[in-house]
Amino acid sequence: MKAEIHCHIEGAAAPALALQQARKYGVDASTFLSDSRYLWSDFSEFLVCYDRVAALFRTDADYALLTETYLTELAAANTIYSEIIVSPDHGDRIGLGADAYLSGISEGIHNARDKTGIEARIIVTGERHFGPDSVIAAADYAARSSNPLVTGFNMAGEERMGRVADYARAFDIARDAGLGLTIHAGEVCGPFSVTDALDLVRPSRIGHGVRAIEDMDLVARLADLGTVLEVCPGSNVALQVYPDFDHHPLRRLKEAGVRVCLNSDDPPFFRTSLEREYRIAAEVMGFSEAEITGMTRTAVEAAFVDEDTRSRLLAQLDGAAALSPNQANSA
Ligand code: ADE
Ligand code: ZN
């Protein structure tokens, strides 16, 4: 059984779906898609490619289709819970507007849940490279939202732009509104970005955070605080944060007592899937079934959901592990 708490909705668009959308809107996809592969070679180019793919989804129905397709695929891989990172800015930029964007995504969540039982929630994100004002506007939007699926706030995008302090106000707004807080840090930038996040945002979770491993005092601080790292190994290797899985710090972080879980980030962009992340953890990184189930449990424990839903998800997880200890994580 699987759960994830870090996947960007536009980043979940499979190349075949992106191509279908490009044809629908008469967009030349050859600048960002070739032979079923997204074209980018470093983090900056990835962000540009991401925005081009996002611009292929233009109506609430497009977003409902994207969301339902992704969640249905996750459910087929025995996933019981997913948190989807959504950016109202992308809805605004395409002329759809944040409300229709969110309502399409919500419809996709409901359709997938009706069909498969998968539970999902929405994390509104600001995009750092769109600037502090837009991140504050995203936080305002999330804080005002009456959509019960919106339960968290995040900041993604170009980590090298500005310092966390420039964006702290957005997190104050989201915190005051009772939203769960998580922030991308320690992915492209070093440990200082994780320290900034802990000092200024005080999140319960950090997106990636893996480069904290370069400062063992910081690792101890993460372990003491119980901050959960939403680790995305396939993304880190694809973006060349680490040369391969043998050099990835997931095991060292876990052994130092940091709470960690497995996530897919932007799966088709990185030629991965949540299923592959779990397989790599087992077969390449050598985690046992029990350790992997423990990471799934951590994802559910850290999920931005009401306590009834959390208890139900944990019971599902415990039931599956008790029934079939050797196959608890298989599809
Ligand atoms: N937006 C989508 N994927 C991202 C990532 N891995 N880091 C920062 N921003 C992102
Ligand atoms: Zn991410």
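Right, let's walk through the structure included here. Predicted, not measured: the structure shown is a model, and the values here were computed from it.

## Some words on the environment of A303
Stage number 1. Examined against the element boundaries, A303 turns out to sit in the loop between α13 (289-302) and α14 (307-323).
Stage number 2. Through-space distance from the C-alpha of A303 to that of A77 is 19 Å; in sequence the pair is 226 residues apart.
Stage number 3. Excluding residues within four positions of it along the chain, A303 makes contact with I5, Y81, E83, R205 and R310.

## Topic: the packing of aromatic side chains
Stage number 1. The final tally for this structure, using the stated rule, is 11 aromatic pairs.
Stage number 2. Here W40 and F46 contribute two aromatic rings whose centre-to-centre distance is 5.8 Å and whose plane-to-plane angle is 70°, an arrangement assigned as edge-to-face. Of the two residues examined, W40 and F46, each falls in the buried class.
Stage number 3. Judged by centre distance (6.3 Å) and plane angle (35°), the ring pair of F43 and F46 falls under tilted. Taken together, the residues F43 and F46, both in helix α2 (residues 43-54) and 3 residues apart, mark about one turn of the helix.
Stage number 4. In this structure F46 comes out as buried when scored by relative accessible area, which is 5%.
Stage number 5. Through successive ring pairs, a cluster of aromatic residues spans Y38, W40, F43, F46, Y50, F269 and F270.
Stage number 6. Its guanidinium or amino end placed over the ring of F130, R93 lies 3.6 Å from that ring's centre, counting from NZ or CZ.
Stage number 7. Here the basic side chain of R205 rests over the ring of F304, its NZ or CZ set 3.8 Å away from the ring centre.

## A word on α2
Stage number 1. The end-to-end C-alpha distance of α2, which contains 12 residues, comes to 16 Å, matching closely the 16 Å that a straight helix rising 1.5 Å per residue would cover.
Stage number 2. Regarding α2, the residues found buried are F43, F46, L47, C49, Y50, V53 and A54. Taken end-on, α2 shows its buried residues confined to a sector of 165°, consistent with a single buried face.
Stage number 3. Check the buried side of α2 and you find it contacts β1 (2-8), α1 (15-24), β3 (37-38), α3 (60-76) and α4 (88-93).

Analysis parameters
Residues numbered from 1 in each chain as written. Chains lettered and ligands numbered in written order. Predicted model: local features only at pLDDT ≥ 70, side-chain atom pairs only at ≥ 80, totals over all residues. Heavy atoms only, no water. Helix = DSSP H or I, 4+ residues; strand = E, 2+ residues; numbered from the N terminus. Contact = heavy atoms within 4.5 Å. Phe/Tyr/Trp six-rings, centres within 6.5 Å; stacked < 30°, edge-to-face > 60°. Buried < 20%, exposed > 50% of the residue type's maximum accessible area, 1.4 Å probe, protein only. Lys NZ or Arg CZ within 6 Å of the ring centre and 35° of its normal. Expected span 1.5 Å × (residues − 1). Arc of directions from axis to C-beta.

Note that every value here comes from positions in space, so none of it alone points to a role or purpose.
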